[in-house]
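Structural characterization, general
One letter stands for each residue in the lines below.
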Amino acid sequence: MIGRYESPIVQVVCSVLIPFIQLFALYVIMHGHYGPGGGFQGGVLLAVSIMLSRLCLGKEVSHRKFPPKLAMVLASVGMLIYVLAGLVPMATGGAFLDYAYLPIPWVSGAPLRYLGILIVEMGIALAVFGTLVLVFDKLVEER
Amino acid sequence: MKWLTIPIMVLFLAWMLYATSGLPSRGDPQAPASVYVSPFYIERSFEDTETPNIVTAVLADYRGYDTLGETMVIFTAGLACVLILMRKGS
């Protein structure tokens, strides 16, 4: 069902746009601390960049650049990051999801909570990204 | 017995609407949520977490457990979709 889009203008423009979309997605994830954004929004933008490559560059090229099995791995890794950010503080003396007890040696106190929120947002972004690309790949798969 | 379902659903709907009428109105300054909970988050979120965005601090630090449940729901919904679509395709 997905073939390479015939017009070379579309192919070139999409190839140029995809890294900028990913960069903007990273900006949205990191900027969740200061304005609108955060993990969910950035994850969706990352998934959009992969979907654009699947639609415009065709199946062979896009599957070589980002294989479908990698999406499931990344989604699981994102979930694992979030759950580990909850369980590791229990091992070092705090409560579940208490970021002040994360074992990062050179920060402590309020900056450590800042880092904890950032780690958790990265986990959320990876989980959302992997889930969306996985569902998209299953929907357009042919037998 | 199937004709019982619609009256039971209507009764349940009426019961729920009656129960929600006891909640305080939206934005009420005398509600317990705006008297005890909101000032705590607004005053203490910057010195606790050093993030200027109070919404992110509440979502990811004070109520991080709910966000964990939400991410789990997204992940499980994606897996369920994949399982259903796999059976049809190959």
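See the structure above.
How each quantity is defined
- Residues numbered from 1 in each chain as written.
- Chains lettered and ligands numbered in written order.
- Predicted model: local features only at pLDDT ≥ 70, side-chain atom pairs only at ≥ 80, totals over all residues.
- Heavy atoms only, no water.
- Helix = DSSP H or I, 4+ residues; strand = E, 2+ residues; numbered from the N terminus.
- Buried < 20%, exposed > 50% of the residue type's maximum accessible area, 1.4 Å probe, protein only.
- Contact = heavy atoms within 4.5 Å.
- Areas by Shrake-Rupley, 256 points an atom, 1.4 Å probe, with all protein chains shown as cover.
- Lys, Arg positive; Asp, Glu negative; His and termini not counted.
- Charge placed at Lys NZ, Arg CZ, Asp CG, Glu CD.
- Rg over C-alpha atoms; globule rule 2.2 N^0.38 Å.
- Axes fitted to C-alpha atoms, helices over the stretch in contact; angles between N-to-C directions.
- Parallel < 35°, antiparallel > 145°, perpendicular 65-115°, else oblique.
- Nonpolar A, V, L, I, M, F, W, Y, C, P; charged D, E, K, R; others polar.
- Core = buried A, V, L, I, M, F, W, Y, C linked by side-chain atoms within 4.5 Å.
- Buried area = accessible area lost by both parts, 1.4 Å probe.
- Salt bridge = Lys/Arg side-chain N within 4 Å of Asp/Glu carboxyl O.
- Polar contact = N/O pair within 3.5 Å; in protein donor to acceptor, adjacent residues only side chain to side chain.

Further remarks concern the overall build of chain A. When you go through chain A residue by residue, the secondary structure sums to 5 helices and 0 strands. Shown N-terminal to C-terminal, the secondary structure of chain A runs as helices and strands in the order α-α-α-α-α. Judged by the C-alpha coordinates and their principal axes, chain A covers about 60 × 35 × 20 Å. The 143 residues of chain A split such that 43% are buried. Sequence separation of 24 or more characterises 60% of the internal contacts of chain A that already satisfy a separation of 6 or more. Accessible area of chain A: about 7500 Å², with a carbon and sulfur share of 73%. The average position of the 9 basic charges and that of the 7 acidic charges among the side chains of chain A differ by 5 Å.

In terms of regular secondary structure, chain B is built from 4 helices and 0 strands. Sequence-ordered secondary structure for chain B, helices as α and strands as β, is α-α-α-α. Taking 2.2 N^0.38 as the reference for a compact globule, 90 residues should give roughly 12 Å; the C-alpha atoms of chain B span a radius of gyration of 21 Å, well beyond that estimate. Relative to its 90 residues, chain B shows a buried fraction of 21%. A total accessible area of about 7100 Å² is found for chain B, and carbon and sulfur atoms account for 71% of it. When the 6 positive and 8 negative side-chain charges of chain B are each reduced to one mean point, those points stand 24 Å apart.

Orientation of helix α5 (residues 110–139) of chain A relative to helix α2 (residues 32–49) of chain B, taken along the N-to-C sense of each, is 90°, at an axis distance of 6 Å. Comparing their axes, α2 of chain B and α5 of chain A come out roughly perpendicular. Contacts between α5 of chain A and α2 of chain B involve A110, R113, Y114 and I117 of chain A on the former and, on the latter, E47, D48 and T49 of chain B. When the residues that make up the contact of α5 of chain A with α2 of chain B are grouped by side-chain class, the tally is 3 nonpolar, 1 polar and 3 charged.

Moving on, we get to the nonpolar core. Core analysis: the largest hydrophobic core is formed by 16 residues, its most contacted members being Y82, Y99, V120 and I124 of chain A. Mapped onto this core, the elements with two or more residues apiece are α4 (68–91) and α5 of chain A together with α4 (64–89) of chain B. Broken down by element, this core gets its largest block of residues, 5 residues, from α5 of chain A. Residue contacts for V120 of chain A: discarding those within four places in its chain leaves Y82, A85 and Y99 of chain A.

The next point concerns the interface of chain B and chain A. Frequently, the measure chosen for interface size is the accessible area removed from exposure when the parts meet. Facing the 27 residues of chain B at the interface are 28 residues of chain A. Taken as a group, L68, T71 and F75 of chain B account for 21% of the area that chain B buries against chain A, more than any other trio of residues on that side. Here chain B is connected to chain A by 1 salt bridge. For R113 of chain A, the salt bridge goes to D61 of chain B, with nearest N and O atoms at 3.5 Å. Remark: the boundary between chain B and chain A carries 7 residue pairs in polar contact (both at pLDDT 80 or more). The set of elements that each furnish at least two residues to the side of chain B that touches chain A consists of α2, α3 (54–62) and α4 of chain B. Ranked by the residues each element gives to the side of chain B that touches chain A, the list is headed by α4 of chain B, at 16 residues.

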